[in-house]
Amino acid sequence: MKRTSRDIRTANRYDVLRRIIARSPASRQEVAAATGLSLATVANLVGELLDLGMLTEVGFEESAGGRPRGLVAVDPSGGALIGVDVAETYVHVELFDLALHVVARAEQEVRPAENRPEQVVAHIADAVRSVVAQSGVPGDRVLGVGVSMPGQVDREGGVSVYAPNWDWHDVPLLGLLAEHVPYPLHLDNPLRACTVAELWFGAARGRENVVVVNLGTGVGAGLALGGALHRGITNSAGEWGHTTLVLDGRPCHCGNRGCVETYVGAPGIMRNIGELHPGSPLLHPDDQTATIAALADAVAAGDPAALDVLRETARHLGAAVADLVNLLNPEMIVLSSWVAARLGEPLVAAVREQVARRALARPLGAVEIVLSPIPTDPVSLGAATFALKGALDAVGRRNGTTSTVPMWSSRSTPS
């Protein structure tokens, strides 16, 4: 689709703001160098963001042989953003200030019998109301809500196209949510959310070609190629969890057999335990979180059965990650989401060993495999950036260029 001058200006405004958020305070010269935009363009866009109440002047820094440089920083009170992480077993919601610091959190459990669309929507709406109430932020300062939904999504239409673990097909999720959540809504999936979080605040800062492996109940790979998210033609890129690892292997919810997800997602790890050590006390058949926690604790204690399970899981995960190394030749692969966070460095070390056995020497020599360092939920954090981008897009559509008053001033306070 051909981009208009307004589209380009909105994208540049977003890029300038994200660089300042990630490296606040910053001079206009630093932002120009980071974005590749001219100093005059950056100065103009910074002026617009100051007028919007999103940035503030914070003083000067000395420059080498020239006049002191003015510094700008994000104004945390310039608005609030909400990020929603919808997973197969929970809904986790965080409210952030404009500097993307967490202000409030809420979580709702999603039980196996509670995954119909109207039930999930009720969980999301309850958690959103909770974080707004906890924070004390006036409703008219909530710039938007980013919703990360597992599976394939139509982000333009706000539709959950296919969520295999729940057997959802073409659910108009944002339309249903709009009946309960009085803020602008923006939909994407956790692969994109985790990748943006890593690019802005995590291990991938300053990197151009990165794969973020999302290990949870489901499994996928977020792709940043050439410094930008790679979405594919239908926003479906990264469904690596549904590539075939074992021909005619374990059945998968997607209808295929032997998918990566069936061996390294949380249910797959539970099956690894059951097959290697039937009757193991590590296995909590109806509780993924408790099983992964028990496995992690037992690995840390050196339990032989737990180490067997870790090695078997890493054997499969390492083979699948080696495929990513050979196929995409990235400079970094980040292991992210709750399973990776809980199993931690022992899993990363075992995966590195397996990848080294299988990947081609040249791409292997160029890649780092690391654990996500983000201390909060990376999916909620990334989802909040979707709301931020949506807010800036709305400014561009509303005014053609920009506004000269804070972003929330033209809204009415939701009831």
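Residues numbered from 1 in each chain as written. Predicted model: local features only at pLDDT ≥ 70, side-chain atom pairs only at ≥ 80, totals over all residues. Heavy atoms only, no water.

1. Section: the overall build of the chain
Short version of the rule: Only DSSP runs of H or I covering at least 4 residues are called helices, and only runs of E covering at least 2 are called strands; the numbering of each starts at the N terminus. We compute the radius of gyration from the C-alpha atoms alone; for a globule the expected value is 2.2 Å times N to the 0.38, where N is the number of residues. Buried, partly exposed and exposed residues are distinguished by accessible area as a fraction of the type maximum, computed with a 1.4 Å probe on protein chains only: under 20%, between the cut-offs, and over 50%, respectively. A contact between two residues is defined here by any heavy atoms of the two lying within 4.5 Å. Residue burial considers only the protein chains on display, and all accessible areas are found by Shrake-Rupley using a 1.4 Å probe. When charges are counted, Lys and Arg contribute as positive and Asp and Glu as negative, whereas His and the chain ends are disregarded. Think of each charge as sitting on NZ of Lys, CZ of Arg, CG of Asp or CD of Glu.
On a plain count of helices and strands, the chain comes out with 13 helices and 16 strands. Relative to the compact-globule value of 22 Å for 415 residues, the chain shows a C-alpha radius of gyration of 22 Å, a close match. Overall, the chain is about 65 × 55 × 45 Å in size when its C-alpha atoms are taken along their principal axes. The buried share of the chain, taken over its 415 residues, is 54%. Excluding contacts between residues fewer than 6 apart, the proportion of contacts in the chain whose partners are at least 24 apart in sequence is 62%. Entry remark: accessible area of the chain is about 17700 Å², with carbon and sulfur atoms responsible for 52%. Each charge class in the chain can be summarised by its mean position, and for the 35 positive and 44 negative side chains these summaries are 7 Å apart.

2. Let's talk about the confidence of the model for the chain
As a reminder of what qualifies: A score from 0 to 100, pLDDT tells how confident the predictor is in each residue.
On average, the chain scores 92 in pLDDT, and the residues at 70 or more come to 94%. Here residues 401-415 scores under 50 on pLDDT; set against residues more than four positions off or in separate chains, the count is 38 contacts.

3. Notes on the layout of surface pockets
Defined as follows: Cavities and pockets were defined on a 1 Å grid built from protein atoms only: a cavity is a group of points that admits a 1.4 Å probe but offers it no way out, a pocket is an open group of points flanked by protein on both sides within 12 Å along at least five of seven lines, and a lining residue is one with an atom within 4 Å of any such point. Grid points are joined across faces, edges and corners, and a volume is the space filled by probe spheres set on the points. Amino acids are sorted into nonpolar (Ala, Val, Leu, Ile, Met, Phe, Trp, Tyr, Cys and Pro), charged (Asp, Glu, Lys and Arg) and polar (every other residue, Gly among them).
Space inside the largest pocket adds up to approximately 1900 Å³. Forming the boundary of the largest pocket are 49 residues, of which A11, Y14, R155, R231 and K389 lie nearest the centre. Mapped onto the lining of the largest pocket, the elements with two or more residues apiece are α1 (5-22), α2 (28-35), β11 (185-188), α6 (190-201), β14 (228-229) and α13 (378-399). Per element, the largest residue contribution to the lining of the largest pocket is 11 residues, and it comes from α1. Of the residues that constitute the lining of the largest pocket, the class distribution is 18 nonpolar, 12 polar and 19 charged. Considered as a void within the structure, the second largest pocket measures approximately 1100 Å³ in volume. Lining of the second largest pocket is provided by 43 residues; of these, E88, T89, T217, Q288 and W338 occupy positions nearest its centre. Residue assignment for the lining of the second largest pocket shows that the elements contributing at least two residues are β5 (90-97), β6 (102-109), α7 (261-264), α8 (266-276), α9 (288-300), β15 (332-336), α11 (337-358) and α13. Each residue belonging to the lining of the second largest pocket can be placed in one class, and the counts come to 17 nonpolar, 15 polar and 11 charged.

4. Points about empty space enclosed by the protein
One pass over the structure, following the stated rule, counts one cavity of 30 Å³ or more. Put simply, the largest cavity is a space of about 310 Å³. In this structure, the largest cavity is lined by 27 residues; those nearest its centre are E88, P150, P190, N214 and G218. Breaking the lining of the largest cavity down by element, the ones donating at least two residues are β4 (80-86), α6, β12 (210-215), β13 (219-225) and α11. The residue makeup of the lining of the largest cavity, split by class, is 13 nonpolar, 10 polar and four charged.

5. Focus: the pattern of salt bridges
Keep this limit in mind: Definition used for salt bridges: Asp or Glu carboxyl oxygen within 4 Å of a side-chain nitrogen of Lys or Arg.
Inspection of the entire model under this criterion finds 22 salt bridges. Here R207 and E368 are joined by a salt bridge, their closest N and O atoms 2.8 Å apart. Within this pair, whereas R207 is found in the loop between α6 and β12, its partner E368 is found in strand β16 (residues 368-371), the two being separated by 161 residues in sequence. Given a relative accessible area of 37%, E368 falls into the partly exposed group. Shared partners join several salt bridges into a network, and the residues in it are R9, R13 and E48.

6. Regarding the environment of R397
Note on placement: R397 falls in helix α13. You can call R397 exposed: its relative accessible area is 54%. Sequence separation between R397 and D7 is 390 residues; the distance between their C-alpha atoms is 9.0 Å.

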